[in-house]
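Analysis of the macromolecular model
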There are 2 protein chains.
Amino acid sequence: MPPKIGKIRDVARETGLSTATVSRVMNGNPKVNPEMRATVLAAAKKLNYVPNPAARALSTNRSKTVAAIIPTIDHSVYAKYITAVEKTLSARGYTLVLAISNADAQMECDAAEKLIAMGAEAFILTGAKHSAALIDLLDRCAKPLVFTSVFDDQSAIPTIGYDNQALAKAAIAHLQEHGHRDIAVVYGSLAENDRTVTRLKGARMALGSADNTLFFEVDLSVEGGRRAAMEILNTDKRPSAILCFSDVLALGVMFLLQSQGIRIPLDISVMGFDNLDWSRQSYPSLTTIDLPASQMGAEAALQIMRRLEEDHPMSSLDLPAKIMRRGSVGPVRHRP
Amino acid sequence: MPPKIGKIRDVARETGLSTATVSRVMNGNPKVNPEMRATVLAAAKKLNYVPNPAARALSTNRSKTVAAIIPTIDHSVYAKYITAVEKTLSARGYTLVLAISNADAQMECDAAEKLIAMGAEAFILTGAKHSAALIDLLDRCAKPLVFTSVFDDQSAIPTIGYDNQALAKAAIAHLQEHGHRDIAVVYGSLAENDRTVTRLKGARMALGSADNTLFFEVDLSVEGGRRAAMEILNTDKRPSAILCFSDVLALGVMFLLQSQGIRIPLDISVMGFDNLDWSRQSYPSLTTIDLPASQMGAEAALQIMRRLEEDHPMSSLDLPAKIMRRGSVGPVRHRP
DNA sequence: TTGAAAGCGCTAACAT
DNA sequence: ATGTTAGCGCTTTCAA
């Protein structure tokens, strides 16, 4: 039995009104007689009428669909931010279509092409580094575009996020305040992630010419963190603090240190980046940087919608992040 | 400057062919002369032509869009499975639209309504327990539907997942093999999650009438795990093993035990469920149950597409999960 | 305030 | 193998 889905004409016939009026009602046009409106709504209910989105999109040339491309979903930071994007969009009748690029520029570009072909009206990309081909494509198609997870005044494309360089500096400063001079910095693949590059730059600036800093580039995973920590323990001059550019890495570092009986922060301090759900509950609780993921997602969605609806220009936004001072960073202990 | 996006007619005019032929080429219809095909493709490239998805959807009455509703994305299990769904769908030209229900039946139903209005052709829902209104709605609209994360022979709706009850039994059996008789079971909200209910039932069956089992219902979070572990430590007769129905909970349990100087598995064994990325790397490495999340997502997507395209009937699928024997479960230690 | 009617861009008979 | 053409369901001038 076909579910008998009503069309606009059925509603028009049922109410004795024209399809134009029905359309007006369905679109909340203020200049329809309230009585007619009620009649139409009743008939719509009765006939199980829901406007066909394809027909509407074809007619208006608007799909109310926005695309977001993220490197991976396997990462609570992205998950949080995407959740916020979805919530904000759907509250206003928009749909989010998601693509996952695996941090690969080519895949990202292919995904964008598909998303355009699927009718996406605007794009939210993660980070500020993308293939010229992609930017060019979006530009030629006149698709509004925002970058998230970064804030960059200079960027021609609006950036909604945080200042990764400043945050990394602040993180180093936080460790230095605790007396740490021998610091190891652990991060995921630089090639895949421009935020990491920017953070590294910030850390280098804050460290000045101190060449007793160790840098470890590993897989962005708990396993990567473990590996880095293993290497760190094998160096001659063991650092007194480890700064990780992701809580995920910090978790791996902590696991390994614990497995070796090394006390945190007594023997080594550990600091993360992201403030994932569990980082407050870890043992010891992880000192980290809280990123405004939800706010970022909501803002990006909001700006895109305003851009789409009122042609409101988008603008970069520097959202506040802050150091969560917790138990994994302590004063340096002077060894005899 | 408007980016001058070509229509099918422009391509037809440019090539001197009809729109029908252009359409055929764009849809890979085999019966077009290869030369014509090449000509059309070239013109399409030149004129920047991409078929308008709304027009196509209107014409074919197919949106090539499938909807998935998940409780939350903040959880690697769902993330993994959704990633697989997205990958599988997009490989065949389908789009995934995602909604997040926060494990709330009402929100889930509202989301589904919106997704229908947006043109979703089929639905993937998590778990087997959903509001009658939702099932009814999807039924009336004749939207193909699959449940994932569960396998249930008896279900009228196809289920693609694993046998939660059997897995929980296996988990208890695994602990019993190590001599554990006093076991605590920790899980998230029963009201929000039917998989948890099923697992609990399995555990109860495996435990038989042993009434020395402790049950703890907490928030499904690391913090929840911590809380449960705190309570467990405060009971008179401390269990020798803790089974958590999620690795997330197990992580919280481990954090708390460690903070109290309790050795795992020497003093207490801990077992999880899910096999998240980090659980192998934890200290000690977490014994858990590996769920076939990716395979599940891919299968669900595949079945839906076959159903949509060839009207192939969908069928339930019991995917293999297995116990990952690692370091957090050890033999019971007999106390004097 | 309401109605009539012309498309929006594409697909799919049907005809050739 | 290719062309003609009638819609798909809705929005939106333009008239009334």
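A brief structural summary. Keep in mind the model is a prediction, meaning the values are calculated, not measured.

Once that is clear, we can look at the interface of chain A and chain B. Chain A puts 49 residues into the contact, and the matching count from chain B is 49 residues. With both sides pooled, the region where chain A packs onto chain B buries about 4,000 Å², and carbon together with sulfur makes up 65% of that total. Of all residues in chain A, Phe255(A), Gln281(A) and Tyr283(A) bury the most surface against chain B, accounting for 15% of the area lost on that side. Where chain A meets chain B, there are 0 salt bridges. Across the chain A-chain B interface, the total number found is 4 residue pairs in polar contact (both at pLDDT 80 or more). Sorting elements by how many residues they give to the side of chain A that touches chain B places helix 5 (residues 76–91) of chain A first, with 9 residues. Its residues placed into classes, the side of chain A that touches chain B shows 27 nonpolar, 13 polar and 9 charged.

Residue and element names in this part refer to chain A. Counted under the stated rule, the structure contains 24 salt bridges over all chains. Between Glu14 and Lys46 there is a salt bridge; the shortest N-O distance is 2.7 Å. Of the two residues, Glu14 sits in helix 1 (residues 8–15) while Lys46 sits in helix 3 (residues 34–47), which places them 32 residues apart along the sequence. A salt bridge links Lys237 to Asp182, with the nearest nitrogen and oxygen atoms 3.2 Å apart. One end of the pair, Lys237, is in the loop between helix 10 (222–234) and strand 8 (241–244); the other, Asp182, is in the loop between helix 8 (164–177) and strand 6 (183–187), with 55 residues separating them in the sequence. Given a relative accessible area of 18%, Asp182 falls into the buried group.

Conventions and cut-offs
- Residues numbered from 1 in each chain as written.
- Chains lettered and ligands numbered in written order.
- Predicted model: local features only at pLDDT ≥ 70, side-chain atom pairs only at ≥ 80, totals over all residues.
- Heavy atoms only, no water.
- Contact = heavy atoms within 4.5 Å.
- Buried area = accessible area lost by both parts, 1.4 Å probe.
- Salt bridge = Lys/Arg side-chain N within 4 Å of Asp/Glu carboxyl O.
- Polar contact = N/O pair within 3.5 Å; in protein donor to acceptor, adjacent residues only side chain to side chain.
- Helix = DSSP H or I, 4+ residues; strand = E, 2+ residues; numbered from the N terminus.
- Nonpolar A, V, L, I, M, F, W, Y, C, P; charged D, E, K, R; others polar.
- Buried < 20%, exposed > 50% of the residue type's maximum accessible area, 1.4 Å probe, protein only.

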